[in-house]
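So the chains spell out like this:
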Amino acid sequence: MATITTTAPKRPRPGGRFQGAALGMTAWLAGILFVLPILWMVLTSFHSEADAATNPPSLAASLTLDSYREFFGVGGGASPWPALINSMTASLTSTLLTLLLALPAAYALSIRPVKKWTDVMFFFLSTKMLPLVAGLLPIYLFAKNTGLLDNIWALVILYTSMNLPIAVWMMQSFLSEVPTAIIEAAQIDGAKLPTILGRVVAPIALPGIAATALICFIFSWNELMFARVLTGVVAETAPVFLTSFITSQGLFLAKVCAASLVISLPVLAAGFAAQDKLVQGLSLGAVK
């Protein structure tokens, strides 16, 4: 006679809910601490310079848009639009060039690996170990002798070369997740390498490409040192324009906060638009 055995449902551990609640509270606390300086910057940008300079600062101070008006040159000051356009041009163009160069390089190092590809990857990564200030003088002399000072294309070339190693490193890990059977099937059908990269590899690795593009765009948009040294008036970028609010007369805190918020909006918008692709790419979920 068959016997039927039943197992009692497992009861949750007494400390399980407490641990979950503690982890949740810790996550919320870390998030609040991370966002608090940003919220404080936003609030300060709506204060007058007198209220922003008070110590301790006043939360109940009256709100005004004077800092934003002065940032956009409403009161007769310098307009930020040329600097914003220069930053957008340098960041988008360099990011596009970086992706066009990094995709075939990552393909050669992952799907069709070359000999000693690990040494090649280490060489790419080692170029990021050089302090930027060490290459400042040679790059300045090169730009001066070639007539590229205060030229936006000098920043495009520089940002492309700076972001290319990290882009190849990231995309190599993403492209290694692409099934080789799909590529072999495309080759059997007669597809050439440009077709394979554009119509087979790129759609599958789109999350990784989006994550790489966003990282390169952020690095290019936020770069200050080379833009400060190599540009003047014509090719001035947004971070360089931001430093103009720190003058010998003092620090205009409300204006700096307003300018920082406006200049950060393109990066925040790009991150928000590509957040789903960014999460998939950084988690190596590039295989559909």
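What counts and how
- Residues numbered from 1 in each chain as written.
- Predicted model: local features only at pLDDT ≥ 70, side-chain atom pairs only at ≥ 80, totals over all residues.
- Heavy atoms only, no water.
- Phe/Tyr/Trp six-rings, centres within 6.5 Å; stacked < 30°, edge-to-face > 60°.
- Helix = DSSP H or I, 4+ residues; strand = E, 2+ residues; numbered from the N terminus.
- Buried < 20%, exposed > 50% of the residue type's maximum accessible area, 1.4 Å probe, protein only.
- Patch = residues over 30% accessible without salt bridge, like charges linked within 9 Å, V, L, I, M, F, W, Y side chains within 5 Å.
- Areas by Shrake-Rupley, 256 points an atom, 1.4 Å probe, with all protein chains shown as cover.
- Salt bridge = Lys/Arg side-chain N within 4 Å of Asp/Glu carboxyl O.
- 1 Å grid on protein atoms, 1.4 Å probe; cavity = no way out; pocket = protein on both sides within 12 Å on 5 of 7 lines; lining within 4 Å.
- Points joined across faces, edges and corners; volume = space filled by probe spheres on them.
- Nonpolar A, V, L, I, M, F, W, Y, C, P; charged D, E, K, R; others polar.
- Axes fitted to C-alpha atoms, helices over the stretch in contact; angles between N-to-C directions.
- Left-handed = near helix turned anticlockwise from the far one by under 90°.
- Core = buried A, V, L, I, M, F, W, Y, C linked by side-chain atoms within 4.5 Å.

**Student:** If you had to explain the packing of aromatic side chains to someone new, which residues and values would you point to?
**Tutor:** Counted by the stated rule, this structure contains five aromatic pairs. Plain terms: the ring middles of F71 and F241 are 5.9 Å apart, the flat faces sit at 70° to each other, and that makes the pair edge-to-face. Taken as a pair, F71 in helix α3 (residues 66–71) and F241 in helix α12 (residues 238–243) lie far apart in primary sequence, 170 residues in all. Accessibility classification places F71 together with F241 in one group, the buried group. Summarising the aromatic geometry, the rings of F72 and W81 are spaced 5.7 Å apart at their centres and angled 35° between planes, so their arrangement reads as tilted. Its relative accessible area of 30% is what places F72 among the partly exposed residues. Of the residues examined, W81 reaches a relative accessible area of 48% and is grouped as partly exposed.

**Student:** Account for a nonpolar patch on the surface, with residues named and values stated.
**Tutor:** Together, F34, V35, I38 and L39 make up a nonpolar patch on the protein surface, roughly 400 Å² of accessible area in all. With respect to the helices and strands, the residue V35 is situated in helix α1 (residues 16–45). Residue V35 is classed as partly exposed on the basis of its relative accessible area of 36%.

**Student:** Tell me about empty space enclosed by the protein, and name the residues and values.
**Tutor:** Under the definition given, this model contains one cavity of 30 Å³ or more. One number sums up the size of the largest cavity: a volume of about 30 Å³. Elements that contribute at least two residues to the lining of the largest cavity include exactly α4 (81–110) and α10 (206–222). Counting residues per element, the lining of the largest cavity draws most heavily on α4, which supplies three residues. Partitioning the lining of the largest cavity into residue classes produces four nonpolar, four polar and one charged.

**Student:** Tell me what's going on with the environment of A52, and back it up with residues and numbers.
**Tutor:** Relative to the helices and strands, A52 resides in helix α2 (residues 49–52). When the C-alpha positions of A52 and K255 are compared, they lie 9.7 Å apart, and in sequence the two are 203 residues distant.

**Student:** Any chance you could break down the environment of C257 for me, citing the residues and the numbers?
**Tutor:** Relative to the helices and strands, C257 is located in helix α13 (residues 253–273). Judged by relative accessible area, C257 falls into the buried class, the value being 9%. Measuring from C-alpha to C-alpha, the distance between C257 and T44 comes to 6.5 Å, with 213 residues separating the pair along the chain.

**Student:** Please set out unusual backbone geometry residue by residue, giving values where relevant.
**Tutor:** Of note in this structure, D150 is not a glycine but carries a positive phi near 55°. If you trace the backbone, D150 turns up in the loop between α6 (136–145) and α7 (152–175).

**Student:** Outline the packing of α4 against α7, listing residues and values.
**Tutor:** Interaxial distance between α4 and α7 falls to 6 Å at its minimum, and their mutual angle equals 35°. Judged by the twist between their axes, the crossing of α4 over α7 is right-handed. Broken down by class, the residue content of the contact of α4 with α7 amounts to 20 nonpolar, nine polar and no charged.

**Student:** Account for the nonpolar core, with residues named and values stated.
**Tutor:** Side chains of a nonpolar character, in soluble globular proteins, are inclined to be buried together. Formed by 25 residues in total, the largest nonpolar core has its most connected members in Y107, L175 and I183. Ranked by size, the runner-up nonpolar core spans 16 residues in total, among them Y68, F71, F217 and W221.

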